[in-house]
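Remarks on the overall topology
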Amino acid sequence: MWRGGSNTRTCKRRFFSSPTRSRHHRPPYMLHSRGSQHLKAMAEVDHLAAERATARFDVEEMKVAWAGSRHAVHVADRMARLVASDPVFRKDNRTMLSRKELFKDTLRKAAHAWKRIVELRLTEEEADLLRQYVDQPGYVDLHWGMFVPAIKGQGTEEQQHKWLPLAYKFQIIGCYAQTELGHGSNVQGLETTATFDPKTDEFVIHSPTLTSSKWWPGGLGKASTHAVVYARLITEGKDYGIHGFIVQLRSLEDHSPLPGVTLGDIGGKFGSGAYNSMDNGVLRFDHVRIPRDQMLMRLSQVTREGKYVHSNVPKQLLYGTMVYVRQSIVADASKALSRAVCIAVRYSAVRKQFGSQDGGPETQVLNYKTQQSRLFPLLASAYAFRFVGDWLNWLYTDVTQKLEAKDFSTLQEAHACTAGLKAVTTSVTADAIEECRKLCGGHGYLNSSGLPELFAVYVPACTYEGDNVVLLLQVARILMKTVSQLASGKQPVGTMAYMGKVQYLMQCKSAVSSAEDWLNPDAIQEAFEARALRMAVNCAQNISQAASQEEGFYERSPDLLEAAVAHIQLIIVTKFIEKVHQEIPGHGVKEQLQALCNVYALYILHKHLGDFLATGCITPRQGALANEQLGKLYAQVRPNAVALVDAFNYTDHYLGSVLGRYDGDVYPALYEEAWKDPLNETVVPEGYHEYLRPLIKQQQLKLSRL
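Residues numbered from 1 in each chain as written. Predicted model: local features only at pLDDT ≥ 70, side-chain atom pairs only at ≥ 80, totals over all residues. Heavy atoms only, no water.

**Let's talk about the packing of aromatic side chains**
Evaluated as defined, the whole model comprises 21 aromatic pairs. Taken together, a centroid distance of 6.2 Å and an interplanar angle of 65 degrees make the contact between F376 and Y634 edge-to-face. Taken as a pair, F376 in helix α11 (residues 369–404) and Y634 in helix α21 (residues 620–637) lie far apart in primary sequence, 258 residues in all. Per residue, the accessibility class of F376 equals that of Y634, and both read buried. Ring centres of F528 and F612 lie 5.2 Å apart, and the angle between their planes is 70 degrees; this geometry places the pair in the edge-to-face category. Pair noted here: F528 is in helix α16 (residues 521–544) and F612 is in helix α20 (residues 609–614), with a separation of 84 residues, a long-range link. (Phe/Tyr/Trp six-rings, centres within 6.5 Å; stacked < 30°, edge-to-face > 60°. Helix = DSSP H or I, 4+ residues; strand = E, 2+ residues; numbered from the N terminus. Buried < 20%, exposed > 50% of the residue type's maximum accessible area, 1.4 Å probe, protein only.)

**So, the pattern of salt bridges**
Under the definition given, this model contains 40 salt bridges. Linking R52 and D46 is a salt bridge whose minimum nitrogen-to-oxygen distance equals 2.8 Å. Accessibility classification places R52 together with D46 in one group, the buried group. D105 is the partner of K109 in a salt bridge, and the nearest nitrogen-oxygen pair spans 3.1 Å. You can see K109 and its partner D105 sitting in helix α6 (residues 99–119), 4 residues apart, about one turn around the helix. Exposure class is identical for K109 and D105. Each is buried. (Salt bridge = Lys/Arg side-chain N within 4 Å of Asp/Glu carboxyl O.)

**Considerations on the environment of V666**
Positionally, V666 belongs in helix α24 (residues 666–674). The exposure class assigned to V666 is buried, which follows from its relative accessible area of 0%. Here the alpha-carbon distance between V666 and R351, two residues 315 residues apart in the chain, equals 8.9 Å. Residues in contact with V666, not counting those within four places in the same chain, are Y347, V350, V658, L659 and R661. (Contact = heavy atoms within 4.5 Å.)

Below you can see the structure in the form of structure tokens.
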């Protein structure tokens, strides 16, 4: 039976059956059929039923609010079941596999997923969800997420007709080779060259230095046959900067590297299992020749004679792809954060510690105010990131339509919010997953908790597709430009429109006089707008006093980072408030989302209280009232906490955590998982006779007696 997205039958198979081992190697309670029957009966019990009974809202309707539509809930549920019920997609042993075994397992799962997609004739939406629920980083992520979009966005129609059908059928496997050993975020500093040879009508791709080696592209190390390679285009002796080229890397017959191509995997990465399933690669070219028409030529091209010419397609169209990629990263942040929070909330409701002075029952960890003050803001953040991600999806559609109509008026603002949201949501999520691990105590450190691997898989998001500090400084530059334009009367647009109220926001005072006043969304939004604007204006004023603008920007970069974060936090708060103002069906759903919105906003205010006080947006008394109201909100969230994470609708397979099980039957599951470890395949450890026994028998001491 499926309850709250959890397949009980799958749970029992995963957690209560173990790999083949001799009778002597089984846990003691597994030696008797009676004990096994007892465990089976325990598996039917919902240890979190009492928590679910206290919920004051319709969980099924909250699932719709989270997913976006009933259709989305239905499709996601169906694909999650499909993956969870397929033994090929097993992942509970992933952290115990060697690197070679793990990569082979990734190849097997990717091939099986493709087989199921073809056999079941899944739609693109269904196929994307199936790959998501397989939940194992691999070459297909870069094939679909970067290689195909690059050809779509930068290739001519003719190039798309040639390459995309091959990619769609996996007749070629592609990756995105941009980052180099010596350069990452500074794309303009890339060293790989693509020199046009008019005698043969070819480009010569070359890696002139060690640091020009392509380094990090996922899928490159072992799987990809082709790559979109970014290199400096040189023709007629002139360097025209970075352009994309489709380059074949491996034979389509035996997968061996083509002449002049040196490539391989860059080695193991942080964590067990985790991102080590991805073959991040190194690639060097030794004067590799490709036809001229394999330069991606939608925006510019090189003629047969070697002339560099621009097409009539606006280069700004490339930003559409950038917005799409960053929107997907923000969406992934909400998924990863919600998974960690789901595990921590459920386990905090199961775990009991201290609290009893008279021999009575211990206290649920979730009832401690310190646990709530650390965990509930993360729960609220998961919902906040989900809704701002939904808005970014709308923004992508809007920006794309405007770009097609050659309307670039919102492009700068769109770049600022996508770059900033990518930076803030990924940094917060990485930190939050680690915080959830701490909130689960010692058991959170076990691989079987799911949290160490989730962290190791997620943390690269803080770097890829733009280092977060670099991205926030880009946001800061746009903020400084917008502030400088206010004097000329130019009105900011979109998420920067609040800056047009500069005269009011620079002098307004918060009217909050009681803790309950902080439940007013207008009071919250005004405080966040005033804080963001005043921090930006202060930075602009300080920069103007420097010898040069660039020197001022450099000197004030730490302050600029904080101003950029303030602007992005305003966007997240604003979009959450807008979501709550919409019509949201379902008993109690809107009220719970309103509470979470207030938790998120007041937690950010509390965490960054220094900013609000230093800029004069609120008084110390008002800050204390905000903290008082925050405590009341935690008490309001407490009886609904387990139901709020149930609304994420994650299967036990997808969560991959014994601590986050839907039924809350944690301890037998932890015990059983321990016996699956390869160290427990033998009673006496390997190496006993060589190392332990001589030590115990003191045989080594006899050899070195003085």
